[in-house]
Amino acid sequence: MLPDSPFDNPLLPHDRWMRQALDQARAAFDEGEVPVGCVIVLGESIIGLGQNQRETLNDPTAHAEIIAITQAAQTLESWRLLDCTLYVTLEPCPMCAGAIVQARIPRVVYGTADPKGGACHTLFQITEDSRLNHQAAVLGGVLQEECRGILQEFFQVQRSLGKK
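The structure presented is a predicted model; accordingly, all values stated were derived computationally and were not measured. The residue numbers shown here count from 1 along each chain, following its written sequence. Only residues with pLDDT of at least 70 are given local features in this predicted model, and only at 80 or more are side-chain atom pairs given and counted; all residues enter the totals for whole chains, interfaces and linings. Excluded from the side-chain calculations are hydrogens and water; all other atoms, namely the structure's heavy atoms, are used.

Trainee: Help me understand the nonpolar core, please; the structure alone is not making it clear to me.
Mentor: For soluble globular proteins, the rule of thumb is that nonpolar side chains tend to be buried together. Here, the term nonpolar core denotes a set of buried Ala, Val, Leu, Ile, Met, Phe, Trp, Tyr and Cys residues that are joined through side-chain atoms within 4.5 Å. Buried, partly exposed and exposed residues are distinguished by accessible area as a fraction of the type maximum, computed with a 1.4 Å probe on protein chains only: under 20%, between the cut-offs, and over 50%, respectively. Counting 43 residues, the largest nonpolar core has Met18, Ile40, Ile69, Leu81, Leu86 and Ile105 as the members making the most contacts within it. Secondary structure is summarised from DSSP: a helix means a run of H or I of at least four residues, a strand means a run of E of at least two, and numbering begins at the N terminus for each. Secondary structure elements with two or more residues in this core: helix H1 (14–30), strand E1 (37–42), helix H3 (64–76), strand E3 (84–90), helix H4 (94–102), strand E4 (107–112) and helix H5 (144–160). Excluding residues that lie within four positions of it along the chain, Met18 makes contacts with Tyr87, Val88, Thr89, Val109, Tyr110, Gly111, Val142, Leu143 and Cys147. Residues are treated as being in contact if the distance between any of their heavy atoms lies within 4.5 Å.

Trainee: I keep staring at the pattern of salt bridges and nothing clicks. Help me out?
Mentor: Note on pairing: side chains with opposite charge can pair once their charged atoms come close. A pairing counts as a salt bridge when a side-chain nitrogen of Lys or Arg comes within 4 Å of a carboxyl oxygen of Asp or Glu. Per the counting criterion, the structure on display carries five salt bridges. For Arg26, the salt bridge goes to Asp23, with nearest N and O atoms at 3.0 Å. With a gap of three residues between them, Arg26 and Asp23 both fall in helix H1, about one helical turn apart. Exposure remark for Arg26: the relative accessible area of 39% places this residue in the partly exposed category. Residues Arg131 and Asp129 are paired through a salt bridge, measuring 2.6 Å at the closest nitrogen-oxygen approach.

Trainee: Would you explain H3 in this entry?
Mentor: The periodicity of an α-helix, 3.6 residues per turn, causes residues three or four positions apart to be oriented the same way. Between its first and last C-alpha, H3 extends 18 Å over 13 residues, near the 18 Å set by a 1.5 Å rise per residue. Along H3, the residues that are buried comprise Ala64, Glu65, Ile66, Ala68, Ile69, Ala72 and Ala73. On its buried face, H3 sits against E1, strand E2 (45–51), E3 and H4. A helix is expected to reach a length of 1.5 Å times the quantity of its residues less one.

Trainee: Teacher, can you tell me more about the environment of Ala73 here?
Mentor: Relative to the elements of secondary structure, Ala73 occurs in helix H3. Owing to a relative accessible area of 19%, Ala73 belongs among the buried residues under this scheme. Along the sequence, Ala73 and Gly48 sit 25 residues apart, while their C-alpha atoms lie 7.9 Å from each other. Contacts of Ala73, omitting those with residues within four sequence positions, involve Ser78, Trp79 and Leu81.

Trainee: What is the right way to read the side chain of His63 from this model?
Mentor: Examined against the element boundaries, His63 turns out to sit in the loop between helix H2 (54–57) and H3. Residue His63 is classed as buried on the basis of its relative accessible area, which comes to 14%. In the analysis that follows, any N or O atom pair within 3.5 Å is treated as a polar contact, provided that within protein one partner can donate a hydrogen and the other can accept it, and provided that, for residues neighboring in sequence, both atoms belong to side chains. At a separation of 3.5 Å, a polar atom in the side chain of His63 contacts the main-chain carbonyl oxygen of Pro60. Among residues more than four places away in sequence, those in contact with His63 are Asn52, Arg54, Cys93, Met95 and Cys96.

Trainee: What am I meant to see in the packing of H3 against H4 here?
Mentor: When two helices pack together, their arrangement is captured by the angle between the axes and the distance separating the axes. Axis lines are fitted to C-alpha atoms, over the contacting stretch for helices. Their N-to-C directions set the angle, which ranges from 0 to 180 degrees. Two numbers describe how H3 lies on H4: the axes approach to 9 Å, and their chain directions differ by 20 degrees. Judged by the angle between their axes, H3 and H4 are roughly parallel. Crossing handedness for the pair H3 and H4: left-handed. When H3 is examined against H4, the residues Glu65, Ile66 and Ile69 are found in contact with a partner set consisting of Met95, Cys96, Ala99 and Ile100. Only Asp, Glu, Lys and Arg are considered charged, only Ala, Val, Leu, Ile, Met, Phe, Trp, Tyr, Cys and Pro nonpolar, and every remaining residue, Gly among them, polar. Per-class residue counts for the contact of H3 with H4 are six nonpolar, no polar and one charged. When describing relative orientation, an angle under 35 degrees is termed roughly parallel and one over 145 degrees roughly antiparallel, while 65 to 115 degrees is termed roughly perpendicular and anything else oblique. The sense of a crossing depends on the near helix, which, turned anticlockwise from the far helix by less than a right angle, makes the crossing left-handed and, turned clockwise, makes it right-handed.

Trainee: Just to check I follow, could you spell out the sheet that holds strand E5 (residues 137–140) for this structure?
Mentor: Strand pairing in a sheet relies on backbone hydrogen bonds. The paired strands run either parallel or antiparallel. Here we have five strands laid out as an open sheet, ordered E2-E1-E3-E4-E5, and mixed in their pairing. A single partner strand is all that each edge strand has here, and the edge strands are E2 and E5. With direction set aside, neighbouring strand axes in the sheet form an average angle of 15 degrees. As judged from the five bridges shared by E3 and E4, these two strands associate in the parallel manner. Paired with Tyr87 across the two strands is Val109, which belongs to E4. Contacts from H1 reach E1, E2, E3, E4 and E5 within the one sheet, and its direction differs from that of E1 by about 145 degrees. For two strands to pair, DSSP has to find at least two bridges joining them.

Take a look at the structure:
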């Protein structure tokens with residue numbers, strides 16, 4: 001019997017995978033990037049991981065989710081990321097939510113909401129929009145305090161340096 005929700009499955013240890021995404025966020029922090037991290041999981045394996053690299057690559061599309069999606073697609077040798085779960089420390093933006101839909105990722109778990117750009121729950125509901133050809137179930141608030149805390153710390157440091 002299938003669970004009522006894709007998140008009712010006890011085989012999905014959300015905290016475990018979100019901690020892996022937080023490791024990616026910390027690596028971004030250490031590089032002077034906005035600390036957002038992402039991992040994509042299939043079964044019990046990480047098949048894609050990413051951290052923000054917009055400053056490093058001078059690329060406005062180098063968000064953690066985009067990098068992880070590209071890596072996962074290369075790992076599977078398919079652009080369809082069926083049966084995968086994407087874990088990200090910050091609610092995806094419209095670009096990343098669109099990429100999630102295009103990649104056919106069925107489950108998204110995020111840490112903290114993004115009041116200025118969230119496109120899964122906060123400002124838009126792109127991943128759950130029935131007008132699109134694919135939807136993803138979304139769960140927010142996993143390790144929320146830790147995910148929010150690393151962002152707050154980063155921006156406090158940046159402000160103290162007269163940046164951002």
